[in-house]
Amino acid sequence: MAAIERDFKRSVIYQVYVKSFCDSDGDGVGDLPGVTSKLDYLAALGVDYVWLTPFYPSPQRDGGYDVSDYRAVDPLFGTMGDFDELVAQAHRRGIGVMLDMVLCHTSDRHAWFQRALAGEERFRRFYILRDGRGSSGPGDPGEPPTNWQCAFGGPAWEWEPRLGKWYLHMHDVSQPDLDWTNPEVRRACADVVRFWKERGVDGFRFDVVSLISKPEVFEDTPDGSCRRLVADGPHVHEYLQELVAQAGIDGMLTVGEMAATTLGNCIRYTRPEDHELSMTFSFHHLKVDYADGDKWALKEPDIAELRRLFRDWQEGMQAGGGWNALFWDNHDQPRAVTRFGGREGAGERGSSWDRVGKMLAVLSFTMQGTPYIYQGDELGMANAGYASIDAYADVESVNAYRLLVEGGASADEALRIVGERSRDNGRTPMQWTGGHAAGFTDGKPWLAVPATVGKVNAEAEDGVEGSMLEFYRDLVRLRHDLPVLAEGRVRFLDAGAGAPKVIAFERTLGDARLVSVCSFDARACTVDGGDLALGDGYRRLAGNYDDEPLRADDGSLALRPQEAVVYLQ
Ligand code: NOJ
């Protein structure tokens, strides 16, 4: 079946976290045949591509992002035959398949690392190995080479006696970083990408690819954090261009996960003339509720900051000729509907859950870029916030809980924080029905189903007017039907002093003008009419209330709590 080629500016992408999407064999873990069995659901939603998170052999220390073999399917998720069938069935429905390439690090179970441990010099050079500080010579570890901390808590260096060196792991200790200065590593990674391309896939997502080019000098940082120091490193653009050329994927749909990146670099990653990527994920907008930049310190989302970030990135990427990936959720994020104020009335129309879920969707689908739906967003799936730390599986969450308690937080406080911030909130089983295990498995799900499942599930929402699912279907249709949404220019609008929690912008293409107004305010507020410039010729295209907000003679809009409204000229 021919590969799917579609203009990425007009596309909508759906992310499947395979482990939690649909279990076909009752072992409690989602699998590839499970995904295939739900392709009709995805076709009915109207998405163009499905991105599958890693299903390769893995010890699963980090949810499959610790890959021990890049060219196979973990028996937990099925067989290569199941994979081929999934691709064929997706293509039959006009849906492209994107794979996750985790090429910044391997698992320590990967043959490359095992061969390095066995002393093969060729494979020792695949990893980033250093002597310790103050070491008196071979066999004496000394101190870690730098004070860098890994993403999941604790040092980013591990002493390995079999290597006689410290190895760098920016993530879990079981995820040694690859040394991309080694041309053989770069070729091996390109071969992996080519292997899957030749197997018929249509696009790729590159995991933490902003971190592949390490700084020339490794030095301590004031607080031990190293992501910013490592991100967008000296050779990252050159390595990406080489990867794209060697793997033969120029022109395919690609997205890079850009940890700790900058706007200027995201422009360079995505402007077509550089032949790197189609688009980038950046994460600054998902830190607006981190107190002092600390994920594990809670604060209310700062909407003024959110607006500033969106404006800078939207207008900045446009000016530089780059392209954004638009998203709120993924398998690393708590659910945005909970996070941004939709805490009450899950599954009920008119509740804050309903308003916020739809308002966030309007923002994603009306800004400039390619919208991503993370599984369950379209149903309004909410945070699980489990009652016990034992219910959590994620390595980062379990470590964070321990570090919070060691740092003096009470067990209740640590649990509350993890309940808000854990990645497991985004990894709970897909809610297909209100029945056993949300219809995800006949067995015991690997992670517990949230309590909201009774009203928030695909069966309850399918075909029901005004449901979250139908709202998403409408937005996907609009994205496909309206060129101004896919290609229009973007300009942020001033909502005025009476609307500090409102994000408003216009999209324009030729004669068409669309105005999107989204309020994060739990109270009513008034948006200035001046910049909105909604004349008589404007009609309401979409919104999360049944009717229009009141428009006064001076053009100002009286928005209701958490209202989103879109006008088209
Ligand atoms: C980003 C992935 O999305 C996340 O799940 C993973 O833990 C890290 N990269 C490391 O691969």
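Before reading further, recall that the structure is shown in the block above.
Our subject in this report is the structure included herewith. Positions within a chain are numbered from 1, following the residues in the order the chain's sequence is written. pLDDT decides what is reported in this predicted model: residues at 70 or higher carry local features, side-chain atom pairs at 80 or more are listed and counted, and totals for whole chains, interfaces and linings draw on all residues regardless. Only hydrogens and water are set aside when side-chain values are computed; all heavy atoms of the structure are taken into account.

## Considerations on the overall build of the protein
Comment: elements are numbered from the N terminus, with helices defined as DSSP H or I runs of at least four residues and strands as E runs of at least two. A tally of regular secondary structure across the protein gives 17 helices and 21 strands. In this description the radius of gyration comes from C-alpha coordinates, and the expected globular size is given by 2.2 Å times residues to the power 0.38. For a compact globule of 569 residues, the expected C-alpha radius of gyration is about 25 Å, and the protein comes in at 24 Å, within 12% of that figure. Seen along its three principal axes, the alpha-carbon backbone of the protein occupies a region of about 80 × 55 × 50 Å. Each of the 569 residues in the protein was classed as buried or not, and the buried ones make up 60%. The contact criterion used is simple: two residues touch if any of their non-hydrogen atoms lie within 4.5 Å. Contacts in the protein between residues at least 24 apart in sequence constitute 69% of all its contacts with a sequence separation of at least 6. Three exposure classes are used, based on accessible area relative to the maximum for each residue type with a 1.4 Å probe and protein chains only: buried under 20%, partly exposed in between, and exposed over 50%.

## Structural notes on the site of the ligand
Proximity is defined per residue: any heavy atom of the residue falling within 4 Å of a molecule or strand makes that residue near it. Near the ligand you find 13 residues, and of these Asp 62, His 105, Asp 207, His 331 and Asp 332 are the closest. Whenever a nitrogen or oxygen atom comes within 3.5 Å of another N or O atom, the pair is scored as a polar contact, on the condition that within protein one atom can donate a hydrogen and the other can accept it, and that pairs from neighbouring residues in sequence are kept only if both atoms are in side chains. Residue His 105 places a side-chain N or O atom 3.0 Å away from an oxygen atom belonging to the ligand. Protein contact buries 97% of the 290 Å² of open area that the ligand shows by itself. Polar here means any residue other than Ala, Val, Leu, Ile, Met, Phe, Trp, Tyr, Cys and Pro, which are nonpolar, and Asp, Glu, Lys and Arg, which are charged; Gly is therefore polar. Here the shell around the ligand is composed, by residue class, of three nonpolar, three polar and seven charged. Residue burial considers only the protein chains on display, and all accessible areas are found by Shrake-Rupley using a 1.4 Å probe.

## Describing the pairing of strand 6 (residues 165-168)
At least two bridges found by DSSP between two strands are what make those strands a pair. Relative to strand 6, strand 4 (residues 129-130) runs antiparallel, the two being bridged by two bridges. Opposite Leu 129, over in strand 6, you have Tyr 167 as the bridge partner. Between strand 5 (residues 157-160) and strand 6, which follow one another and run antiparallel, lie four residues, and Gly 164 among them has a positive phi close to 65°.

## Quick word on helix 14 (residues 411-421)
Residues of helix 14 that are buried include every one of Ala 414, Leu 415, Ile 417, Val 418, Gly 419 and Arg 421, and no others. Buried residues in helix 14 make contact with strand 10 (290-291), strand 11 (294-298) and helix 13 (395-406).

## Some thoughts on the packing of aromatic side chains
Whether two aromatic rings pair depends on their centres lying within 6.5 Å, for rings of Phe, Tyr and Trp, where Trp uses its six-membered ring; planes under 30 degrees apart make the pair stacked, over 60 edge-to-face, and the rest tilted. This structure, assessed with the given rule, holds 33 aromatic pairs. Linked through ring pairs, Trp 51, Phe 281, Phe 283, Phe 327 and Tyr 372 together constitute an aromatic cluster. Note on criteria: charge over ring means Lys NZ or Arg CZ within 6 Å of the ring centre, with the direction from the centre no more than 35 degrees off the ring normal. The ring centre of Trp 432 lies 4.1 Å from the NZ or CZ of Lys 38, which sits over that ring. Above the face of the Phe 218 ring, Arg 130 is positioned so that its terminal group lies 4.5 Å from the ring centre.

## Let's talk about the sheet that holds strand 1 (residues 13-16)
As summarised here, the arrangement of the eight strands in space is 9-8-7-3-2-1-13-12, forming an open sheet in which the pairing is parallel. Strands at the two margins of the open sheet, each flanked by one partner only, are strand 9 (279-281) and strand 12 (325-326). Pairing of strand 2 (residues 49-52) with strand 3 (residues 96-101) involves four bridges; the strand directions are parallel. Residue Leu 52 lies in a different strand from strand 3, and its bridge partner there is Leu 99.

## A closer look at the nonpolar core
Among the buried residues, those of types Ala, Val, Leu, Ile, Met, Phe, Trp, Tyr and Cys that are joined through side-chain atoms within 4.5 Å form a nonpolar core. Counting 155 residues, the largest nonpolar core has Leu 52 and Leu 99 as the members making the most contacts within it. The element best represented in this core is helix 12 (residues 352-366), accounting for eight residues. Each residue touching Leu 52, except ones within four places of it in the same chain, is listed here: Val 16, Val 18, Leu 32, Val 35, Leu 86, Val 97, Met 98, Leu 99 and Asp 100. Formed by 16 residues, the second largest nonpolar core is a distinct cluster that contains Ala 495, Leu 532, Tyr 538 and Leu 557.

## Observations concerning the packing of helix 13 against helix 14
Contact geometry for helix 13 and helix 14: axes closest at 9 Å, N-to-C directions at 145°. For helix 13 against helix 14, the interelement crossing comes out right-handed. Seen from helix 13, the contacting residues are Ser 397, Tyr 401, Leu 404 and Val 405; seen from helix 14, they are Ala 411, Ala 414, Leu 415, Ile 417 and Val 418. Classifying every residue of the contact of helix 13 with helix 14 gives eight nonpolar, one polar and no charged. In this description, a line fitted to the C-alpha atoms serves as the axis of each element, helices being fitted only across the stretch in contact, and the angle between N-to-C directions of two axes falls anywhere from 0 to 180 degrees. Crossings are sorted by hand: turned counterclockwise from the far helix by less than a right angle, the near helix makes the crossing left-handed, and turned clockwise it makes it right-handed.

## A look at the sheet that holds strand 20 (residues 557-559)
Spatially, 17-20-19 is the arrangement adopted by the three strands of the open sheet, whose pairing is antiparallel. On the outer flanks of this sheet lie strand 17 (525-527) and strand 19 (550-551), each paired with one strand and no other. As paired elements, strand 19 and strand 20 share two bridges and run antiparallel to each other. Looking at strand 20, one finds that Arg 551 is bridged to Leu 557.

## Description of the side chain of Arg 186
Along the chain, the position of Arg 186 falls in helix 6 (residues 183-198). Within the structure, the side chain of Arg 186 is placed 3.3 Å from the backbone oxygen of Thr 181, a separation counted as a polar contact. With near-sequence residues (within four places) excluded, Arg 186 lies in contact with Trp 180, Thr 181, Tyr 239, Glu 242 and Gln 246.

## Here we look at the pattern of salt bridges
Within this document, salt bridges are pairs made up of a side-chain nitrogen of Lys or Arg and a carboxyl oxygen of Asp or Glu, the two lying within 4 Å of each other. As enumerated under the stated definition, the model contains 48 salt bridges in all. Residue Arg 199 pairs with Asp 84 through a salt bridge whose shortest N-O separation is 2.7 Å. Of this pair, Arg 199 sits in the loop between helix 6 and strand 7 (203-206) while Asp 84 sits in helix 3 (residues 80-92), and the two are 115 residues apart along the sequence. Salt bridges linked by common partners bring Asp 62, Lys 295, Asp 332, Asp 394, Glu 396, Arg 423 and Arg 427 together as one network.

Read these as geometric descriptors, not functional statements.
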